Amino acid sequence: MDLEAVRTFVAVAETGQFHKAAADLSVTQQAVSKRVAALERGLGVRLFTRTPRGAELAIDGQAFLPHARELLRVAARAAASVDPGRRPLRVDILASRGAASGLMRGFHRSHPGIDLDVVMLLDIDRAVEALRSGEIDASFRAVAAPGRPLPDDIEAVRAIDEPLELLTGPGHALAGARSVTLAELAGHRIWMPGLRPGSEWAAYYDDLVAAFGLGIEATGPNFGSDALLDTIADTPALATFMGAHTRLVWPDGHGLRRIPVTGPTPVYPHALLRHRDNPHPALETLRAHIAATATGHDAAGTWTPDWVLQHRPGPVSRP
């Protein structure tokens, strides 16, 4: 159905005059007549009764008018859904309790007038596909995994360098430490179920293991953070890594310890990914917010994998 013909029908119905509708639509009266006639042929009914005073709605026109108005409202909403100036900013994060989630909550508090949709796509290939199709406007990732560079039309900007902490139960040998060096973790069992091969976080921990001789175990199914916390609390031989900005709550009886890791401090490098041609105006506001709140990258005494620096050169501490 021709929406311009529908819009013309509504204009004639509201003004009662073909020439007034033509003036409102900035077209000729002949064009109005042709559009209405085409719509009547398509519907197979008479919409107006022509009178010396203008045009009056026929019975079928009266029945069609509310639906015609709804068609125009739906069309307007459809157009607004892809208008970067009117639709929400759609941002992908990895987890609802992670560092990127906290950053987006801060952004929302600072810019309450910006409509925001937050989604969790998990897989980086799916996220890149969604960025290129326009399904999302931005995604928080660890830049790119080694051997899997980002497409040329996807831009990456370092956003959050999140220090790692060691999480232990009360019976662990390191539970009383105020901090622990990477060298002291050699020989300890660090359990991290959910390190899916090929993911950017698995690539990060592979490099961490190789650089410092750590023992990370990814055995067993990943039943989520609650099951992980239960196991760490009850198993003195196990510990796990978690981000310093990750928000987790556990029962009082668990007695879990969050211990800073140093010597150097490994940081997980969250980056903001976006399509270079995405015109959404709120993207620049988000980038400015990140620049204003982010700490310095590749600071002395920290460690990140070499492949992270493909998109942002800078010094990296090494053991």
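Everything below is about the structure printed above this text.
Criteria and thresholds
- Each chain has its residues counted from 1, following the order in which its sequence is written.
- Local features in a predicted model are, by the rule used here, given only for residues with pLDDT of at least 70; side-chain atom pairs are given and counted only at 80 or more, and totals for whole chains, interfaces and linings are based on all residues.
- Side-chain metrics in this entry use all non-hydrogen atoms of the structure; hydrogen atoms and water are not considered.
- Helix and strand definitions here come from DSSP, where helices need a minimum of 4 consecutive H or I residues and strands a minimum of 2 consecutive E residues; each element is numbered from the N-terminal end.
- Per-residue accessibility, obtained with a 1.4 Å probe over protein chains only, is compared with the maximum for each type, and a residue is labelled buried under 20%, exposed over 50%, and partly exposed between these values.
- Two strands make a pair as long as DSSP finds a minimum of two bridges between them.
- Points on a 1 Å grid over protein atoms alone make up a cavity when a 1.4 Å probe fits among them but cannot get out, and a pocket when they form an open set with protein on both sides within 12 Å along at least five of seven lines; lining residues each have an atom within 4 Å of a point.
- Grid points are joined across faces, edges and corners, and a volume is the space filled by probe spheres set on the points.
- Note on residue classes: Ala, Val, Leu, Ile, Met, Phe, Trp, Tyr, Cys and Pro are nonpolar, Asp, Glu, Lys and Arg are charged, and everything else, Gly too, is polar.
- Nonpolar side chains (Val, Leu, Ile, Met, Phe, Trp, Tyr) within 5 Å and like charges within 9 Å form the patches, drawn only from residues with over 30% relative accessible area and no salt bridge.
- Values of accessible area rely on a 1.4 Å probe in the Shrake-Rupley scheme; residue burial ignores everything except the protein chains shown.
- Any carboxyl oxygen of Asp or Glu that lies within 4 Å of a side-chain nitrogen of Lys or Arg is treated as forming a salt bridge with it.
- The angle between two axes is taken between their N-to-C directions and runs from 0 to 180 degrees, where each axis is a line fitted to C-alpha atoms and a helix contributes only its stretch in contact.
- Put simply, angles under 35 degrees are roughly parallel, angles over 145 are roughly antiparallel, angles from 65 to 115 are roughly perpendicular, and the rest are oblique.
- Should the near helix be turned anticlockwise from the far one by less than a right angle, the crossing is left-handed, and should it be turned clockwise, the crossing is right-handed.
- Throughout, a residue-residue contact means that at least one pair of heavy atoms, one from each residue, lies within 4.5 Å.
- In plain words, nonpolar cores are sets of buried Ala, Val, Leu, Ile, Met, Phe, Trp, Tyr and Cys residues tied together by side-chain atoms within 4.5 Å.
- Regarding the arc, it is the one traced by the directions from the helix axis to the C-beta atoms.

Peer 1: Sorry if this is basic, but what is going on with unusual backbone geometry here?
Peer 2: Both trends apply: most residues other than glycine have a negative phi, and most peptide bonds are in trans. Cis geometry marks the peptide bond from Gly-263 to Pro-264, where omega comes out at -10°. With respect to the helices, strands and loops of the structure, Pro-264 is situated in the loop between β11 (257-262) and β12 (265-275). Of note in the backbone geometry, Ser-26 takes a positive phi value of approximately 60° without being a glycine. Inspection of the secondary structure assignment puts Ser-26 in the loop between α2 (18-25) and α3 (29-43). Taking the relative accessible area as the measure of exposure, Ser-26 reaches 67% and is therefore exposed.

Peer 1: Help me understand the pairing of strand β1 (residues 48-51), please; the structure alone is not making it clear to me.
Peer 2: Working note: regular strand, side chains alternate between the two faces of the sheet. As defined by bridge partners, β1 adjoins strand β2 (residues 54-57) across 4 bridges and the pair is classed as antiparallel. Residue pairing for β2: Phe-48 is matched across the bridge by Leu-57. As consecutive antiparallel partners, β1 and β2 are separated by 2 residues.

Peer 1: It is not clear to me how the layout of surface pockets should be interpreted in this structure. Could you clarify?
Peer 2: Here the idea is plain: a probe the size of a water molecule rolls over the atoms and shows the empty space left. There is about 1,000 Å³ of room inside the largest pocket. Along its surface, the largest pocket is lined by 33 residues, and Leu-94, Ala-95, Trp-201, Asn-222 and Thr-246 are the ones closest to its centre. Elements supplying a minimum of two residues to the lining of the largest pocket: α5 (99-110), β6 (154-168), α8 (200-212), α9 (225-234), β10 (238-243) and β12. No other element matches β10, which puts 4 residues into the lining of the largest pocket. Split by residue class, the lining of the largest pocket holds 20 nonpolar, 10 polar and 3 charged. As a volume, the second largest pocket reaches approximately 230 Å³.

Peer 1: I tried to follow a nonpolar patch on the surface on my own but got confused; where do I start?
Peer 2: Taken together, Met-1, Leu-3, Leu-43 and Leu-71 make up a surface patch of nonpolar side chains, about 340 Å² in accessible area. Here Leu-43 shows up in helix α3. According to the relative accessible area criterion, Leu-43 is partly exposed, its value standing at 32%.

Peer 1: Sorry, what's going on with the packing of helix α1 (residues 3-15) against α2 here?
Peer 2: Packed helices, taken two at a time, are described by their axes: the angle between them and the distance between them. Interaxial distance between α1 and α2 falls to 8 Å at its minimum, and their mutual angle equals 125°. Here α1 is positioned oblique relative to α2, judged by the angle of their axes. You can see that α1 and α2 cross each other, and the crossing is right-handed. On α2, the residues touching Arg-7, Thr-8, Ala-11, Val-12 and Thr-15 of α1 are Phe-18, Lys-20, Ala-21, Asp-24 and Leu-25. When grouped by side-chain class, the residues that make up the contact of α1 with α2 number 5 nonpolar, 2 polar and 3 charged.

Peer 1: Can you walk me through the nonpolar core in this structure?
Peer 2: Soluble globular proteins: nonpolar side chains tend toward being buried together. Ranked by size, the top nonpolar core spans 25 residues in total, and within it Leu-166, Leu-185, Tyr-205, Leu-208 and Phe-241 carry the most contacts. Taken together, the elements giving at least two residues each to this core come down to β6, α7 (182-185), α8, β10 and β11. Sorting elements by how many residues they give to this core places α8 first, with 6 residues. Setting aside chain neighbours within four positions, we find Phe-241 in contact with Leu-164, Glu-165, Leu-166, Leu-185, Ile-190, Met-192, Tyr-205, Leu-208, Leu-214, Ile-216 and Val-261. Membership of the second largest hydrophobic core comes to 19 residues, among which are Phe-9, Ala-11, Val-32 and Val-36.

Peer 1: What's the story with the environment of Leu-3 in this structure? I'm lost.
Peer 2: Inspection of the secondary structure assignment puts Leu-3 in helix α1. Here Leu-3 falls in the partly exposed class, since its relative accessible area comes to 36%. Separated by 243 residues in sequence, Leu-3 and Thr-246 have C-alpha atoms that sit 50 Å apart. Residues in contact with Leu-3, not counting those within four places in the same chain, are Leu-72 and Ala-75.

Peer 1: Can you help me understand α2 in this one?
Peer 2: In an α-helix, one turn spans 3.6 residues; hence positions three or four apart end up facing the same way. Within α2 the residues assigned to the buried category are Phe-18, Ala-21 and Ala-22. One side of α2 holds all its buried residues, which, seen down the axis, span an arc of 105°. Across α2 from its buried face, at more than 90 degrees, point the exposed residues Ala-23 and Asp-24. Of the residues trailing α2, Ser-26 is marked for its positive phi of about 60°.

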